[in-house]
Amino acid sequence: MKSIIAATLLALSTIAPTVSAHGYVQNVILNGNTFTAFLPFQDNYDPKPSPKRITRHIPDDGPVTNFNGKDIVCNVGAQDASQRTTSHGAVPAGAEVTFRWDRWPTDHHGPVTTYMASCGSDCSNFDTTGNVWFKIDHLGLVSGTTDTGTWASDVLIANNISWTVTVPPKLKSGAYLIRHEILALHSAGAPQFYPHCSQLVVTGSGTATPSSSELVAIPGIYKNDQSTMINIWNNGQTKYTIAGPAVTKIGAYTTTNAKNKLGGGPGAIPFKAGKILSGNAVTAAIGSTGDAVASGNNAGATTTTTTKAGTTTKAATTTKASVAAASTTSAKSCKVSTKKRNAAKASKRHAKKRLSTEH
Ligand SMILES: [Cu+2]
């Protein structure tokens, strides 16, 4: 049976674009408090989801393909005023934020990056135009070569399909957008961007702000260069340069969070519903200590379990957090370039990998 499936997949991969399910962020965990992100296959049919979402609208689990348009900011349609959310979630400066994706295909190799932008006192109507973004975390090719080595996306899969960042310590309190993104490079010359934006209220007494040289515009960080157009399936490449600026140095913040390494991420995180803030409650929270006492709470709330890529789905579905998340079987066609399709070797590997991880 298995060999028949393998043979069919192999045959299909040579005559038709590869069909694959992509992914989206289903939960955002702020200092141990879980918030349900925008669930496209549910929330697009329910204008008043409960609890309210702190995440901006996304249409589905597919990619943004034009990195020069407004959709690259927070995903397709997220900039439309009618699609904006007024909800925010509080997190103390210096605390951890974990993004849990619903799934991620193993062949969608690429970097993971996270930016923040100050909205002032409320993100509801924040205009993301101009040099407003600063990078707080990024990881690209971790080891080996681009075709068979370990990418940030592989680390994400191995860590319960999740990614953890730290809000820069001493960051000035206020409302912030946090933009977390995977860039999938499996289709040479046709990069796929999967951005998502959530609305935070950073609490605490911090006053640090990024320097003007650290602030960049989105769109603007991506260009037609190696960071987007690389053919990762070419043999022997050991270097990949992540697009955009260096990670901010505010608050003596250093690069990638230590949890983002193979086996280093969070396991099942006990579900503790986060409190939704909007309007006056946002203003009131700014400058407060918020959940700051939770610096100890955070450590206790995270059970670290080493998981292997193939078993992560099971682990993820045992958390209560994912009960609130949409379950979807929706698959959308991945645009695969001619270059890629012609690479017989790569196609073979692609089919094999999908067999072992997709059910
Ligand atoms: Cu995809």
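Cut-offs and rules
- Residues numbered from 1 in each chain as written.
- Predicted model: local features only at pLDDT ≥ 70, side-chain atom pairs only at ≥ 80, totals over all residues.
- Heavy atoms only, no water.
- UniProt positions renumbered as here; feature names shortened; annotations may be inferred.
- Disulfide = S-S within 2.5 Å.
- Helix = DSSP H or I, 4+ residues; strand = E, 2+ residues; numbered from the N terminus.
- Buried < 20%, exposed > 50% of the residue type's maximum accessible area, 1.4 Å probe, protein only.
- Pairing = 2+ DSSP bridges.
- Axes fitted to C-alpha atoms, helices over the stretch in contact; angles between N-to-C directions.
- 1 Å grid on protein atoms, 1.4 Å probe; cavity = no way out; pocket = protein on both sides within 12 Å on 5 of 7 lines; lining within 4 Å.
- Points joined across faces, edges and corners; volume = space filled by probe spheres on them.
- Core = buried A, V, L, I, M, F, W, Y, C linked by side-chain atoms within 4.5 Å.
- Contact = heavy atoms within 4.5 Å.
- Salt bridge = Lys/Arg side-chain N within 4 Å of Asp/Glu carboxyl O.

By the naming in an unreviewed UniProt entry, the chain goes by lytic cellulose monooxygenase (C4-dehydrogenating) and is assigned to Tulasnella calospora MUT 4182. Per UniProt, the chain carries the Catalytic activity (unreviewed entry) text "[(1->4)-beta-D-glucosyl]n+m + reduced acceptor + O2 = 4-dehydro-beta-D-glucosyl-[(1->4)-beta-D-glucosyl]n-1 + [(1->4)-beta-D-glucosyl]m + acceptor + H2O." In its Sequence similarities (unreviewed entry) section, UniProt records this for the chain: "Belongs to the polysaccharide monooxygenase AA9 family."

Chemist: Talk me through the state of the cysteines; I want residue IDs and the actual numbers.
Modeler: This model, assessed by the stated rule, comprises two disulfides. Between the sulfur atoms of C74 and its disulfide mate C197 the distance is 2.0 Å. Handedness of the C74-C197 disulfide follows from its S-S torsion of about -85°: it is left-handed. With a gap of 123 residues between them, C74 in helix α3 (residues 71-74) and C197 in strand β12 (residues 192-203) connect regions that are remote in the sequence. For the pair shown, C74 and C197 are each scored as buried. Here C119 connects covalently by a disulfide to C123, the sulfurs 2.0 Å from one another. Measuring the twist about the S-S bond at about 85°, one finds the C119-C123 disulfide to be right-handed. Taken individually, C119 and C123 each receive the classification buried, so the pair is uniform in this respect. Disulfide partners in the chain, listed by the sequence order of the bonded cysteines, are 1-4, 2-3.

Chemist: Any details on the environment of T36? Residues and values, ideally.
Modeler: Take T36: it is sitting in strand β3 (residues 33-36). We classify T36 as buried; its relative accessible area is 6%.

Chemist: Can you lay out the sheet that holds strand β6 (residues 112-120) for me, pointing to particular residues and giving the numbers?
Modeler: Strand order in the open sheet formed by six strands is β7-β6-β11-β12-β4-β13, with mixed pairing between adjacent strands. Bordering the open sheet on either side are β7 (133-139) and β13 (276-277), each of which pairs with just one other strand. As judged from the four bridges shared by strand β4 (residues 88-92) and β12, these two strands associate in the parallel manner. Paired with V91 across the bridge in β12 is V202.

Chemist: Please give an account of the sheet that holds strand β5 (residues 96-101) that cites residues and values.
Modeler: The sheet built from four strands is open, its strands ordered β3-β2-β5-β10 with antiparallel pairing. Of all strands in the sheet, those bounded by a partner on one side alone are β3 and β10 (162-166). Pairwise comparison of adjacent strand axes, ignoring direction, gives a mean angle of 20° for this sheet. Direction of pairing for β5 relative to β10: antiparallel, over a ladder of five bridges. Counterpart to E96 in the pairing with β10 is T166.

Chemist: An account of the pairing of β3 is needed here, citing residue identities and associated values.
Modeler: On β3, burial covers both faces: N33 and F35 on one face and T34 and T36 on the other are all buried. Sheet analysis places strand β2 (residues 25-30) next to β3, joined by four bridges and oriented antiparallel. Looking at β3, one finds that V28 is bridged to F35. Between the end of β2 and the start of β3, which pair antiparallel, lie two residues, with N31 showing a positive phi angle near 50°.

Chemist: Can you break down the layout of surface pockets residue by residue, with the values?
Modeler: Approximately 380 Å³ is the volume attributed to the second largest pocket. Forming the boundary of the second largest pocket are 18 residues, of which F38, P47, P49, R84 and T85 lie nearest the centre.

Chemist: Talk me through the nonpolar core; I want residue IDs and the actual numbers.
Modeler: Residues I72, W133, L177, L185, F193, Y222 and Y240 are the most contacted members of the largest nonpolar core, which totals 36 residues. Mapped by element, the contributors of at least two residues to this core are α3, β6, β11 (174-184), β12 and α6 (280-285). Beyond its immediate sequence surroundings of up to four residues, F193 is in contact with P63, V64, F67, I72, E181, I182, L183, Y222 and T228. By size, the runner-up hydrophobic cluster in this structure holds 35 residues, among which are V25, V28, A95 and V202.

Chemist: Kindly report on the pattern of salt bridges, identifying the contributing residues and their values.
Modeler: According to the stated counting rule, one finds three salt bridges in the structure shown. With its nearest N and O atoms 2.8 Å apart, the salt bridge here joins E181 to R179. As far as burial versus exposure is concerned, E181 and R179 are alike and both buried.

Chemist: Give me the lowdown on the pairing of β6, citing residues and values where you can.
Modeler: Most of β6 is tucked away, with seven of its nine residues classed as buried. Sheet analysis places β6 next to β7, joined by six bridges and oriented antiparallel. Bridging from a neighbouring strand, V112 pairs with L139 of β7. With eight bridges connecting them, β6 and β11 associate as antiparallel partners. Paired with V112 across the two strands is I182, which belongs to β11.

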